[in-house]
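Chain by chain, the residues:
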Amino acid sequence: MDALAQSLAAALPAEIFAYFLVFVRVGAALQSMPGLGEISIPQRIRLSVGLLLTIVVAPVVGPTLPPLPESAISMAGIVLGETLIGVFIGLAGRFAMSALIVAGSIISQQIALSSATLFDPSFGQQGAAVSAWLVAVALTIVFVTDLHHLMLRAVADSYALFPAGQLAPLGSYAEALVRWTAHSFLIGVQMSAPFLVFGLVINLALGLIARLQPAIQVFFIAQPALIAVGLLAMGLTLVATMQAFERGLLDKLEPLLLVP
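Residues numbered from 1 in each chain as written. Predicted model: local features only at pLDDT ≥ 70, side-chain atom pairs only at ≥ 80, totals over all residues. Heavy atoms only, no water.

A.B. asks: Explain the overall build of the protein chain to me, please; I cannot follow it from the model alone.
C.D. replies: If you tally the helices and strands in the protein chain, you get 7 helices and 2 strands. Across the 260 residues in the protein chain, those meeting the buried criterion constitute 40%. The long-range fraction of contacts in the protein chain, counting pairs at least 24 apart against all pairs at least 6 apart in sequence, stands at 80%. Surface exposure of the protein chain reaches about 13900 Å², of which carbon and sulfur atoms provide 72%. (Helix = DSSP H or I, 4+ residues; strand = E, 2+ residues; numbered from the N terminus. Buried < 20%, exposed > 50% of the residue type's maximum accessible area, 1.4 Å probe, protein only. Contact = heavy atoms within 4.5 Å. Areas by Shrake-Rupley, 256 points an atom, 1.4 Å probe, with all protein chains shown as cover.)

So this is what it looks like as structure tokens:
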């Protein structure tokens, strides 16, 4: 009996450490992942989801996890590396959402809604109303098309791509973040390209009318029509906009999956 108790006492800390290590990576990914990591979702719910995913993932990846380190410094280094990997995976989806912020800001300026602002729960700050609306539609698309399953799968597959306990490739992370930033800005401009042409043509026409009839407040009179036409154009281009967002999200997630 004493031998059994001693073996359990020796195995229990290592087992707890394995689950803790998985929870660190999964929890860090959930905190920055779009849809599941929004600040509008209560922290208790996010922690509960993280614990459930840990219970599912830990038995599968348990053999690949490092043993319990003997020093606190080694443990801190492993935990920091797992946190960086989790945040990196979550940011893959978050950068795809940032393309909608860029597109919404440009569209707002072109359709005379730049002064209309709302609190964006996805980024925790005040932003253009068009951006907040596009983000809300995109989050709906994520859950309706089960794209959140791909993000969760990327977390599970990351143990094969980024083994636990090894030094995080910070150079590759930085390069990927720079590439994602440029790609998000490019996608955002592509989403708003029709509105850039629309705004250029409308403003040239209004400027010409104001030049011919300086006594008429052309821009003030035309603003309601500009907003109405802009909202109509948003409705007509919404499908293409969401398809571009979905493609951008998949482009960032596929390198993190073992079988895209």
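A.B. asks: Explanation requested: the environment of Ile-202 in the structure shown.
C.D. replies: Turning to its location among the elements, Ile-202 is positioned in helix α6 (residues 170-212). Owing to a relative accessible area of 27%, Ile-202 belongs among the partly exposed residues under this scheme. For the pair Ile-202 and Ala-222, spaced 20 residues apart in the sequence, the C-alpha separation amounts to 9.7 Å.

A.B. asks: Please explain the packing of helix α3 (residues 72-110) against α6 as it appears in this structure.
C.D. replies: Two quantities define a packed helix pair, namely the angle between the axes and the distance from one axis to the other. Running from N to C, α3 and α6 point in directions that differ by 20°, and their axes come no closer than 8 Å. The orientation of α3 with respect to α6, classified from their angle, is roughly parallel. The hand of the α3/α6 crossing is right-handed. By residue class, the composition of the contact of α3 with α6 is 26 nonpolar, 7 polar and no charged. (Axes fitted to C-alpha atoms, helices over the stretch in contact; angles between N-to-C directions. Parallel < 35°, antiparallel > 145°, perpendicular 65-115°, else oblique. Left-handed = near helix turned anticlockwise from the far one by under 90°. Nonpolar A, V, L, I, M, F, W, Y, C, P; charged D, E, K, R; others polar.)

A.B. asks: Teacher, can you tell me more about helix α2 (residues 43-61) here?
C.D. replies: For the α-helix, the turn length of 3.6 residues means that residues three or four positions removed from each other point alike. The terminal C-alpha atoms of α2 lie 26 Å apart, and with 19 residues this matches the ideal 27 Å at 1.5 Å per residue to within 8%. In the structure, α2 departs most strongly from a straight axis at Ile-55, where the bend amounts to approximately 30° and where the proline Pro-59 lies between one and four residues downstream. (Expected span 1.5 Å × (residues − 1). Bend = angle between axes of the 7 residues up to and from the residue.)

A.B. asks: So what exactly am I meant to see when it comes to the packing of α3 against helix α4 (residues 129-144) here?
C.D. replies: Between α3 and α4, whose axes approach to 7 Å, the crossing angle comes to 145°. In terms of crossing hand, the pair formed by α3 and α4 is right-handed. Judged by residue contacts, Met-97, Leu-100, Ile-101, Gly-104, Ser-105, Ile-107 and Ser-108 of α3 engage Val-130, Ser-131, Leu-134, Val-135, Ala-138 and Leu-139 from α4.

A.B. asks: Sorry, what's going on with the pattern of salt bridges here?
C.D. replies: Two side chains carrying opposite charge are able to pair once their charged atoms lie near each other. Throughout the structure, instances matching the rule amount to 4 salt bridges. The salt bridge involving Arg-153 is made with Asp-157; its shortest N-O contact spans 3.4 Å. Pair noted here: Arg-153 and Asp-157 are both in helix α5 (residues 147-161), with a separation of 4 residues, about one helical turn. Its salt-bridge partner being Glu-254, residue Arg-247 comes within 3.3 Å of it at the nearest N-O pair. (Salt bridge = Lys/Arg side-chain N within 4 Å of Asp/Glu carboxyl O.)

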